[in-house]
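A closer look at the structure
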Amino acid sequence: MTGTFARGLLAGAAGTTALNALTYADMLRRGRPASTVPGQTAAALADAAGVEVPGRGAERQARTTGLGALLGIGNGLGVGLLASLARAGGVRMPGPVGAVVVGAASMAATDGPTAALGVTDPRTWTSSDWAADAVPHLAYGAAVQAVVSALPTRKERVLVKQRASAGLVARSLLLGTAAGCRSSLGLAAPTLTAADTGVVKKLGSLLSVGGEVYADKQPGIPPRTSPAVLPARLASGAGGAGLLARRQGQNAALPVLAGAAGAAAGSFGGLAWRRWAADLMPDWQAALIEDGVAVVLALSACLPGRRRSTRLRVVTMLD
């Protein structure tokens, strides 16, 4: 039976093949040349890392083109692996929804770095440009979703499948909001409140929260809504919601989406609060108030059902 890692690689390979096939079909239909963006992105990444791509002129261009293609394959395999891990963690999305979500994740993983490096600006794209980018990524998402759905692991075959309750979705939203204020709370709060978590994990969670609370009071911290910071907060909110769903033995799809949405709301809302409070009190006082609100939200989300195991609930043959 296929394991989570192998399934993710298979799904990523299938998705990458589908993406490339549609891209080349579009080139054949419109007679357009291959995009130079992957190669330019690879060159920009090398420059940012301080690595010199050997060669000059056409030779260097050929190497950056090859490197760009390899980065694209790595992106495809990586997102496929993440989709498989999410499935193993209890995220069950309907086929069309999963295809869109996975395709959007792959598109963001591709276009985000190119925009951050200044290679291209999506705001200037035409509708034709967007279609040429979105349709192949949607095909990628559909292929990945099809593979991870068709190849359940042994543990998934016996996993208790239960629709996420409204209460769990609401608590996931609260936890995500807390993670938007303090990103470490997304994963730390479910870990600290779980009855079966070891001392080492709880201590590590406490240290992560304490370190972030201290760092937040220091000058020069980048805005939480910046492209370099916001994705981590969204991931923390989604991951924490996944842990809550795991604890309850329920489908994690809606809770994960709620956790990510809450993290976005907490990030932008927390930043708005700090800017509004800047004229009323010192920044450290506003930060402490935000700390308190984040902790209350996290506890409200995680204390209910805390005595249930955070491990995947499975049924045995004797059940």
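What you see is a predicted model; the values in this text were computed from it and never measured.

1. A few points about the pattern of salt bridges
Scanning the entire structure with this criterion turns up ten salt bridges. With a shortest N-O distance of 3.2 Å, Arg29 and Asp26 are connected by a salt bridge. Residue Arg29 and its partner Asp26 are both found in helix 1 (residues 4-30); the two are separated by three residues, about one turn of the helix. Connected via shared salt-bridge partners are Arg182, Arg224, Arg274, Asp283, Glu290 and Asp291.

2. Examining helix 12 (residues 283-302)
For helix 12, spanning 20 residues, the distance from its first C-alpha to its last is 28 Å, which sits close to the expected 28 Å at 1.5 Å a residue. The complete set of buried residues in helix 12 reads Ala286, Ala287, Glu290, Asp291, Ala294, Leu297, Ala298, Ala301 and Cys302. Buried residues of helix 12, viewed axially, fall in a sector of 145°; they line one side.

3. Considering the nonpolar core
Within the largest apolar cluster, 20 residues are counted, with the highest numbers of intra-cluster contacts made by Leu175, Leu185, Ala298 and Cys302. The set of elements that each furnish at least two residues to this core consists of helix 7 (166-181), helix 8 (185-193), helix 10 (230-248) and helix 12. If sequence neighbours within four positions are ignored, Ala298 has contacts with Leu175, Ala178, Leu185 and Ala189. Within the second largest apolar cluster, nine residues are counted, among which are Ala11, Leu19, Ala83 and Val144.

The rules behind these values
- Residues numbered from 1 in each chain as written.
- Predicted model: local features only at pLDDT ≥ 70, side-chain atom pairs only at ≥ 80, totals over all residues.
- Heavy atoms only, no water.
- Salt bridge = Lys/Arg side-chain N within 4 Å of Asp/Glu carboxyl O.
- Helix = DSSP H or I, 4+ residues; strand = E, 2+ residues; numbered from the N terminus.
- Expected span 1.5 Å × (residues − 1).
- Buried < 20%, exposed > 50% of the residue type's maximum accessible area, 1.4 Å probe, protein only.
- Arc of directions from axis to C-beta.
- Core = buried A, V, L, I, M, F, W, Y, C linked by side-chain atoms within 4.5 Å.
- Contact = heavy atoms within 4.5 Å.

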